[in-house]
Amino acid sequence: SEHDTEVAFQHRAAGVVIGDQPLDNMLPLKQDEDGTIVTQYAMGPVGDLGLLKMDFLGLKTLTVIRNACELIKHTKGIEVPIDRLPFDDAKTYDLLNKANTVGVFQLESGGMRDLCRKFQISSVEHITALIALYRPGPMDLIPEFIKRRHGEVKIEYEHPLLEPISKETYGILVYQEQVMQAAQALAGYTLGAADILRRAMGKKKFEEMEKQRAKFVKGCAEVNQIPAAKANQIFDLLEKFAGYGFNKSHAAAYAIVAYQTAYLKANYPVEFLSAMMTNDMNDTAKLSILINEARTFGVEVLPPDVNESLVAFAPARGGTVIRFGLAAIKGVGEVAVQSILEAREREGKFQALNELCERVDTRTVNKKVLEALIRSGACDCFGETRATLFAQIEHALARAASVIQDRQRGQTSLFEVFENKSSEPTTQFPKLPEWPQSELLAAEKELLGFYVTGHPLTPYLPLIEKYALHNSQSAAQVQPRTVTRIGGMISAVQQGISKKSGKPYAIATLEDLEGSVQVLCMNENYDRYRELLKPGNALLIIGEVLNGEDKPKIFPQEVMLLEDAPRKYTKQVHLRLHTAHLSEEKLEQAKGLAAAHPGKIPLFLCFRYPTGEAVFIETHEKYSVSPTRQLQVEADEIFGEETYYAKVDVTMPEPVR
């Protein structure tokens, strides 16, 4: 059914039961929570009744690939041979091995990215093997697999006949097909019988396994004169790998799709990322990740614009940047966007808000839509502040309704006769000052999922750069259980009660300019830090990193306001003074500066000579200072830029055991 297809394209299980008559004649049905009609029998009994169950797995990624190829054809005039790609593209393998795999099918989780870096992929066969191995169970084989790939471990085969079967996977049986081939080559099994052996091994039924062992040992002796002891040894090996084995044809098909997405990202990043963003335009969290990824690729993502944007994300300015899609603005539906695009197509770009309202269908481009367009920055092209435009909405809509009504009656206003321009407002609105930046940014984050005109963290960036040891991206690469310091702003907090302990916990999202990490706060830390874990707070988190999943998580040992970090982690404060401009008066000013900012951090005077030498003088402890932003500003104002220098403790904190 249509709904089954929709479910499939969300990459969920999509089993469809097929019968030769209405299904309610043959088995009980019910309506699922989301309205889907499902059987009340499990998979086994459905088959026993003689009904056919088929799985239809749809992948959103295939839509992304198609859309990216269409964008490439439109922007560059290139027809990408997506089903006949060269499998030796250096750019693609470079992207994979640098783990730039956000958006690459099957390879974008934190663990997979780490695996790509360690393994160093050079073929589609490598991708196939990694997809097959990166699952619970066979994951235990990965360290050995990497060592064999890099020649750190000598590859030995239990029997020479196993070499051609498992050479591709460095002597490890990764696939179900390899287990079947081994039974065929060593013991003369037909492939049908080998499949029965594989299934028996997977289910671990003792009696069936003993029958199969006897058959295998006998076959090995008859076909290849392999002694019983050796045959039993090989059978044990096959049994071990059969439990891990993955269907190679499935892994290979996924590997091709993974390669295709990596190829497009490596060679056509603007078009590929546009297609990815369109695919996830209703998921602001994913959009934010993709926009950050585009920035790391040097691709700017421009805010929406009623005069330039299309429905979806699309390359702009000659294919060098990505323009935000109008339908990706929260609260702006596709019907409203189509009305805007049709009006633009008919009569060109809009010059003012009044004119836009007169040319579009205001039943769909209504007050709510206009508010979202203005607050998101899509109407900035009119040259007015967002506050001014927002104040004009009611009047613009009323005027548009009047003008459209006059047109329908066949009337034309005197103004239109003489000026031939209906967009000029009869009422001159005052120019309002722009909203505070915090309000602008909050609206952009709410409607677009990312900040356009700045970032609320910008004032804190010097502190983050100085006092954090990792950011959200680099934290994903550290060794498990590493304790570090990460700075950022709390964007969301989820509260809950642990089912296991019955105690409250909080999961906070800490954002920086690169992405985000989750902060898991429980037990005594919950009571200690919950007041700090509030949206909008700029914090420094000291804690243990868990990075085996898509997004790093951190278990805090300590949480503090970012502005408090200098007091704790500054070891020394230096005033860099150039001797060429130094006088007794300037030294007195330095003394006065220290007296005005007393604290506990040792103060050093660094005298810099024109010849390049520097002399450090440690001042008396009575001149110790407090390493505040204000001290830095005043020191730099008096003595010049970069006078103030804070020597920071960058030693990694010890894990708490």
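Okay, so let's go over this structure. (Residues numbered from 1 in each chain as written. Predicted model: local features only at pLDDT ≥ 70, side-chain atom pairs only at ≥ 80, totals over all residues. Heavy atoms only, no water.)

### Comments concerning the overall build of the protein
Looking only at helices and strands, the protein has 26 helices and 17 strands in total. C-alpha atoms of the protein, sized along the principal axes, occupy 100 × 90 × 55 Å. The burial tally for the protein puts 45% of its 657 residues in the buried class. Residue pairs at least 24 apart in sequence account for 62% of intrachain contacts in the protein once pairs closer than 6 positions are excluded. Here the protein has roughly 34100 Å² of accessible surface; of this, 52% comes from carbon and sulfur atoms. (Helix = DSSP H or I, 4+ residues; strand = E, 2+ residues; numbered from the N terminus. Buried < 20%, exposed > 50% of the residue type's maximum accessible area, 1.4 Å probe, protein only. Contact = heavy atoms within 4.5 Å. Areas by Shrake-Rupley, 256 points an atom, 1.4 Å probe, with all protein chains shown as cover.)

### Re the packing of helix 3 (residues 60-76) against helix 13 (residues 248-267)
In contact at an axis separation of 11 Å, helix 3 and helix 13 are set at 35 degrees when each is read in the N-to-C sense. Judged by the sense of rotation from one axis to the other, the crossing of helix 3 with helix 13 is left-handed. Within the contact between the two elements, helix 3 uses Thr61, Leu62, Ile65, Ala68, Cys69 and Ile72 and helix 13 uses Val257, Gln260, Thr261 and Leu264. Of the residues belonging to the contact of helix 3 with helix 13, the class tally is 7 nonpolar, 3 polar and no charged. (Axes fitted to C-alpha atoms, helices over the stretch in contact; angles between N-to-C directions. Left-handed = near helix turned anticlockwise from the far one by under 90°. Nonpolar A, V, L, I, M, F, W, Y, C, P; charged D, E, K, R; others polar.)

### Quick look at the pattern of salt bridges
What the rule picks out here adds up to 28 salt bridges. A salt bridge links Asp55 to Lys53; the nearest nitrogen and oxygen atoms lie 2.8 Å apart. Its relative accessible area of 56% is what places Asp55 among the exposed residues. Look at Lys53 and you get partly exposed, because its relative accessible area is 31%. Taking the shortest distance from any N to any O, the salt bridge between Glu355 and Arg359 comes out at 2.5 Å. With Glu355 and Arg359 both in helix 17 (residues 353-359), this residue pair falls 4 residues apart, about one helical turn. We note that Glu355, like Arg359, is buried. Where salt bridges share partners, they join Glu210, Arg213, Asp236 and Glu239 into one cluster. (Salt bridge = Lys/Arg side-chain N within 4 Å of Asp/Glu carboxyl O.)

### What to know about the packing of aromatic side chains
Each aromatic ring pair is characterised by the separation of its centres together with the angle its planes make. Within the structure shown, the criterion is met by 10 aromatic pairs. Relative to Phe145, the ring of Phe119 has its centre 5.5 Å away and its plane inclined at 10 degrees; by these criteria the two rings are stacked. With Phe119 in helix 5 (residues 110-119) and Phe145 in helix 7 (residues 142-149), this residue pair connects regions lying 26 residues apart in the sequence. What makes Phe119 buried here is its relative accessible area of 0%. Cluster of aromatic residues (ring-pair linked, three or more members): Phe87, Tyr93, Tyr259 and Tyr263. (Phe/Tyr/Trp six-rings, centres within 6.5 Å; stacked < 30°, edge-to-face > 60°.)

### Some thoughts on a nonpolar patch on the surface
On the surface, Ile18, Leu52, Met54 and Phe56 cluster together into a nonpolar patch covering about 360 Å² of accessible area. Secondary-structure assignment places Ile18 in strand 1 (residues 15-18). Looking at Ile18, the relative accessible area reads 37%, which means it is partly exposed. (Patch = residues over 30% accessible without salt bridge, like charges linked within 9 Å, V, L, I, M, F, W, Y side chains within 5 Å.)

### Describing the environment of Leu162
Along the chain, Leu162 falls in the loop between helix 7 and helix 8 (163-166). The exposure class of Leu162 is buried, given its relative accessible area of 3%. For the pair Leu162 and Asp32, spaced 130 residues apart in sequence, the C-alpha separation works out to 48 Å. Every residue in contact with Leu162, bar those within four places of it in the chain, is listed here: Tyr157, Ala182, Leu186 and Leu237.

### Topic: the sheet that holds strand 5 (residues 301-302)
Note: strands within a sheet are paired through backbone hydrogen bonds, in either parallel or antiparallel orientation. The strand order across the open sheet formed by 3 strands is 5-7-6, and the pairing between neighbours is mixed. Each end of this open sheet is capped by a strand with a single partner; those strands are strand 5 and strand 6 (314-316). In terms of strand pairing, strand 5 meets strand 7 (residues 321-323) through 2 bridges, oriented parallel. Looking across to strand 7, one finds that Val301 is bridged to Ile322. (Pairing = 2+ DSSP bridges.)

### What to know about the nonpolar core
Grouped together as the largest cluster of nonpolar side chains are 124 residues, with contacts concentrated most on Leu264, Met277 and Leu373. Examining the composition of this core, we find that 10 residues originate from one element, helix 13, more than from any other. Not counting chain neighbours up to four residues away, the residues in contact with Leu264 comprise Ile65, Ala68, Cys69, Ile72, Val80, Ile82, Pro269 and Phe272. The next biggest cluster of nonpolar side chains, apart from the first, holds 31 residues, and it includes Ala590, Leu603, Phe607 and Leu631. (Core = buried A, V, L, I, M, F, W, Y, C linked by side-chain atoms within 4.5 Å.)

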